[in-house]
Each structure stands twice: as structure tokens, then as C-alpha cells.
Amino acid sequence: MKNSDENIILVKSKTFALRIIKLYKYLCDDKKEFVLSKQVLRSGTSIGANVKEGSLAQSKADFAAKLSIALKEAGETEYWLELLHESDYIEENAFTSIYTDNKELIKILTSILKTTRNQ
């Protein structure tokens, strides 16, 4: 993997994690929601953590395994975001923005995994 300044998935997953942290703070402080917010915090920040681990992988199989976990976490994050939105904890504009970012991470991770497996 390229260094973190050049690697789109490292940059985007870290930026996304920071957005998730802000969302968590908002949900706890303003909405007094502590259960779903903790779930989205855990899964949303785990995406970048697994991508970072994958960037330091010792083999192609290790790399694919870490990015597969990141993809699963992105799928879980999608679910928590949908629940938060559909239960009216997140307004439409905020939801659309962060949900779109999560979908982009899913597309990038899926593409990387397909390429890795076809090599």
C-alpha cells in the first residue's frame, strides 16, 4: 500500500472515523442517545482501524482479511446509520451526507478486495 498521505482508502476511512466521532458526540450531548450511538461509534471507527492494519499486512492474504473486516464493519455502520435516521435521531441532510460517505467506503473496499483476489 502507498503511504497514508497518498492512499485514498486510508485518508477517507480516517476522515469518516472523525465524522463518526462527531456524530457520536452530537447524539450523546444533544439527543441523549447512548446505545445506538455507541454501536455506530464502534463500527464506524473500526473501518479505518482495519484499513490501517491492512496497510501493514505481512501477506496478500493478511491484507485481504483486514480489508474484508473493514468492509463488514462498513456494512454494520450502514445499518446503524439507517436505524438512527429512521428513528429520527439524525436529520435527513446529515444522514444523507454521512451515509453517502459510508457507501463510498464500501465501494472502494469492494473494488480493492476484487483486485486483490484477482491478482
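Description of the structure in this document. (Residues numbered from 1 in each chain as written. Predicted model: local features only at pLDDT ≥ 70, side-chain atom pairs only at ≥ 80, totals over all residues. Heavy atoms only, no water.)

The next subject is the packing of helix α1 (residues 8-29) against helix α4 (residues 92-117). Look at α1 against α4: their axes get within 11 Å of each other, and the N-to-C directions meet at 150°. As summarised for this structure, α1 and α4 are arranged roughly antiparallel, according to the angle between their axes. Considering only the axes of α1 and α4, their crossing is left-handed. Packed against α1, whose contacting residues are Ile 9, Lys 12, Ser 13, Phe 16, Arg 19, Ile 20 and Leu 23, the element α4 presents Ser 97, Ile 98, Asp 101, Asn 102, Glu 104, Leu 105, Ile 108, Leu 109 and Ile 112 at the interface. (Axes fitted to C-alpha atoms, helices over the stretch in contact; angles between N-to-C directions. Helix = DSSP H or I, 4+ residues; strand = E, 2+ residues; numbered from the N terminus. Parallel < 35°, antiparallel > 145°, perpendicular 65-115°, else oblique. Left-handed = near helix turned anticlockwise from the far one by under 90°. Contact = heavy atoms within 4.5 Å.)

Once that is clear, we can look at the side chain of Glu 78. Mapped onto the elements of the fold, Glu 78 is located in helix α3 (residues 60-86). Among the polar contacts made by the side chain of Glu 78, one reaches the side chain of Tyr 99 at a distance of 3.3 Å. Discounting residues that sit within four places of it in the chain, Glu 78 has contacts with Tyr 99, Asn 102, Lys 103 and Ile 106. (Polar contact = N/O pair within 3.5 Å; in protein donor to acceptor, adjacent residues only side chain to side chain.)

To continue, consider unusual backbone geometry. The backbone of Lys 32 sits at a positive phi, close to 55°, despite the residue not being glycine. For Lys 32, the position within the fold is in the loop between α1 and α2 (35-55). What makes Lys 32 exposed here is its relative accessible area of 57%. Here Asp 88, not a glycine, exhibits a phi torsion of approximately 70°, which is positive. (Buried < 20%, exposed > 50% of the residue type's maximum accessible area, 1.4 Å probe, protein only.)

For the structure on display, the rule yields 7 salt bridges. Its salt-bridge partner being Asp 101, residue Arg 19 comes within 2.4 Å of it at the nearest N-O pair. Highlighted residues: Arg 19 in helix α1 and Asp 101 in helix α4, separated in sequence by 82 residues. Of the residues examined, Asp 101 reaches a relative accessible area of 26% and is grouped as partly exposed. Linked through salt bridges whose partners overlap, the residues forming this network are Arg 42, Glu 73 and Glu 76. (Salt bridge = Lys/Arg side-chain N within 4 Å of Asp/Glu carboxyl O.)

Further remarks concern the packing of α2 against α3. Packing of α2 against α3 leaves a shortest axis separation of 8 Å and a crossing angle of 160°. Viewed along their axes, α2 and α3 adopt a mutual orientation that is roughly antiparallel. Here α2 runs over α3; the crossing is left-handed. Residues that form the contact of α2 with α3 fall into these classes: 13 nonpolar, 7 polar and 5 charged. (Nonpolar A, V, L, I, M, F, W, Y, C, P; charged D, E, K, R; others polar.)

With 26 residues, α4 should reach 38 Å at 1.5 Å per residue; the first-to-last C-alpha distance of 37 Å fits that figure. Looking at the buried side of α4, the elements it contacts are α1, α2 and α3. (Expected span 1.5 Å × (residues − 1).)

A few words now on the nonpolar core. In a soluble, globular protein the nonpolar side chains are often hidden away together inside. Grouped together as the largest cluster of nonpolar side chains are 28 residues, with contacts concentrated most on Leu 23, Val 40, Ile 47, Leu 81, Ile 90 and Leu 109. Every element with two or more residues in this core is listed here: α1, α2, α3 and α4. Those residues in contact with Leu 109 that lie beyond four places of it in its chain are Ile 9, Ile 47, Val 51, Leu 67, Ala 70 and Leu 71. (Core = buried A, V, L, I, M, F, W, Y, C linked by side-chain atoms within 4.5 Å.)

This part takes up the environment of Thr 77. Mapped onto the elements, Thr 77 comes out in helix α3. Its relative accessible area of 0% is what places Thr 77 among the buried residues. The spacing of Thr 77 and Arg 42 is 35 residues in sequence and 8.6 Å in space, taken between C-alpha atoms. Once residues lying within four places of it in the same chain are set aside, the contact partners of Thr 77 are Phe 16, Ile 20, Val 40, Ser 43, Gly 44, Ile 47 and Asn 102.

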